[in-house]
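What follows is each chain in one-letter form.
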Amino acid sequence: IRPQVSSVITKVHIREGQFVKAGQLLFTLDARTDEVNLAKARAQLAKDTASLADAQRQLARSRDLLAQNFISQGAVDTNQTLVETQQAVVNADRAAIDAAQVGMSYSRISAPSAGRAGAINVFAGSTVQPGGAALVTITQLDPIAVAFSLPQRNLADALQTLRAGGGKVVAVLPDGRGETIGKLQFVDNVVDANSGTVRVKAQFDNAK
């Protein structure tokens, strides 16, 4: 897990070795600058929205005057252009708010998937940046994937099993701890010319 922006850690929400859920909050970064930028963008939107409303009123008034032959069509067209220009400014303000909200979202770093957290390399007050060291590594343990090699002569059977939804795969655990049953998930499309084997993967439930 790495940050997407350069900032300072304000809080670490997990412990080393803890199991985390997908979406669980891991770290909070200092977001004061982003909060100010968002507030400024919202204030600018409010200001420009008021200007747009005024321009729309001016356009409506000029159309009424045109109907009464008090002003020319050119004056109406000028007001129409003003409304369209102000509408574009409002749209730009909304885009600026969206950009500020994206920046705000980077201050909350959540787990992309469930797993077990390893060593935490930062603490509150640490300065972090995208190209720096990982904040923590999350390893998915349940379900777990096991990759192994299959002789080329069994490739056709493996592909047929995969197309049928994946067949049963038995993994023998070391030190006499028994067996566990998984399901075939993937068959590679390249055969190793040296060994005459193809890489395949199976997935196993691993709650324990």
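Our structure's up above, just so we're on the same page.
Residues numbered from 1 in each chain as written. Predicted model: local features only at pLDDT ≥ 70, side-chain atom pairs only at ≥ 80, totals over all residues. Heavy atoms only, no water.

*Asks:* Explain the overall build of the protein here, please?
*Replies:* Along the protein, the regular secondary structure elements total 3 helices and 11 strands. The linear arrangement of helices and strands in the protein, starting from the amino end, is β-β-β-α-α-β-β-β-β-β-α-β-β-β. A compact globule built from 208 residues would reach a C-alpha radius of gyration of about 17 Å, whereas the protein, at 30 Å, exceeds it by more than 25%. Expressed as lengths along the three principal axes of its C-alpha atoms, the size of the protein is roughly 95 × 50 × 30 Å. Buried positions account for 27% of the 208 residues belonging to the protein. In the protein, the 22 positive side-chain charges and the 18 negative ones have mean positions that sit 6 Å from each other. (Helix = DSSP H or I, 4+ residues; strand = E, 2+ residues; numbered from the N terminus. Rg over C-alpha atoms; globule rule 2.2 N^0.38 Å. Buried < 20%, exposed > 50% of the residue type's maximum accessible area, 1.4 Å probe, protein only. Lys, Arg positive; Asp, Glu negative; His and termini not counted. Charge placed at Lys NZ, Arg CZ, Asp CG, Glu CD.)

*Asks:* I keep staring at a nonpolar patch on the surface and nothing clicks. Help me out?
*Replies:* A surface patch of nonpolar side chains, about 270 Å² in accessible area, is lined by Val170, Val172 and Ile181. By secondary structure assignment, the location of Ile181 is in strand 10 (residues 179-192). (Patch = residues over 30% accessible without salt bridge, like charges linked within 9 Å, V, L, I, M, F, W, Y side chains within 5 Å. Areas by Shrake-Rupley, 256 points an atom, 1.4 Å probe, with all protein chains shown as cover. Salt bridge = Lys/Arg side-chain N within 4 Å of Asp/Glu carboxyl O.)

*Asks:* Before we go on, may I ask you to explain helix 1 (residues 32-67) in this structure?
*Replies:* An α-helical segment advances 3.6 residues per turn. Residues three or four places apart therefore align on the same side. Its 36 residues give helix 1 an end-to-end C-alpha distance of 53 Å, which sits within 8% of 52 Å, the value for a rise of 1.5 Å per residue. Among the residues of helix 1, those classed as buried are Leu38, Ala41, Leu45, Asp48, Leu52, Ala55, Leu59 and Ser62. Immediately downstream of helix 1, the backbone of Asn69 shows phi near 65°, a positive value. (Expected span 1.5 Å × (residues − 1).)

*Asks:* Is there a simple way to explain the sheet that holds strand 4 (residues 108-110) in this structure?
*Replies:* Strand pairing in a sheet relies on backbone hydrogen bonds. The paired strands run either parallel or antiparallel. One open sheet accounts for 4 strands, arranged 4-3-1-6; its pairing is antiparallel. This sheet does not close on itself; its edge strands, each paired only once, are strand 4 and strand 6 (127-128). Sheet topology places strand 3 (residues 25-29) next to strand 4; 3 bridges connect them, and they run antiparallel. From the neighbouring strand, Phe27 faces strand 4, where its bridge partner is Ile109. (Pairing = 2+ DSSP bridges.)

*Asks:* Just checking my understanding: could you explain the sheet that holds strand 2 (residues 19-20) for this structure?
*Replies:* The 3 strands are arranged 2-5-7 in an open sheet whose pairing can be described as antiparallel. On the outer flanks of this sheet lie strand 2 and strand 7 (138-139), each paired with one strand and no other. Inspection of the sheet shows strand 2 paired to strand 5 (residues 115-117) by 2 bridges, in the antiparallel sense. Within the sheet, the bridge partner assigned to Phe19 lies in strand 5 and is Arg116.

*Asks:* Would you mind showing me how to read the layout of surface pockets here?
*Replies:* Over the atoms, a rolling probe the size of a water molecule traces out where space has been left empty. If you add up the space inside the largest pocket, you get close to 160 Å³. For the largest pocket, the full set of lining residues is Ile144, Val146, Ala171, Leu173, Thr180, Phe204, Asp205, Asn206 and Lys208. Along the lines of polarity and charge, the residues of the lining of the largest pocket split into 5 nonpolar, 2 polar and 2 charged. (1 Å grid on protein atoms, 1.4 Å probe; cavity = no way out; pocket = protein on both sides within 12 Å on 5 of 7 lines; lining within 4 Å. Points joined across faces, edges and corners; volume = space filled by probe spheres on them. Nonpolar A, V, L, I, M, F, W, Y, C, P; charged D, E, K, R; others polar.)

*Asks:* Even after reading the chapter, I still don't get the pattern of salt bridges, so can you show me in this structure?
*Replies:* Pairing between side chains of opposite charge can happen when the charged atoms of each approach one another. By the definition in use, this model includes 2 salt bridges. For Asp30, the salt bridge goes to Arg32, with nearest N and O atoms at 2.8 Å. Classification of Asp30 by relative accessible area gives partly exposed; the value is 25%. Ionic pairing is found between Arg57 and Asp54, a salt bridge with its closest N-O pair at 3.6 Å. Of this pair, Arg57 and Asp54 both sit in helix 1, separated by 3 residues, roughly a single helical turn. Assessed through its relative accessible area of 46%, Arg57 is described here as partly exposed.

*Asks:* Just to check I follow, could you spell out the nonpolar core for this structure?
*Replies:* As a rule of thumb, nonpolar side chains are buried together in soluble globular proteins. Ranked by internal contacts, the top residues of the largest apolar core, which has 15 residues, are Leu26, Phe27 and Val122. In this structure Phe27 touches Ile9, Lys11, Val12, His13, Ser107, Arg108, Ile109, Ile120, Val122, Leu135 and Val136, once residues within four positions along its chain are discounted. (Core = buried A, V, L, I, M, F, W, Y, C linked by side-chain atoms within 4.5 Å. Contact = heavy atoms within 4.5 Å.)

*Asks:* For this particular structure, what's the right way to read the environment of Ala88?
*Replies:* Positionally, Ala88 belongs in helix 2 (residues 73-105). Spatially, the C-alpha atom of Ala88 lies 9.6 Å from that of Leu52, the residues being 36 residues apart in sequence.

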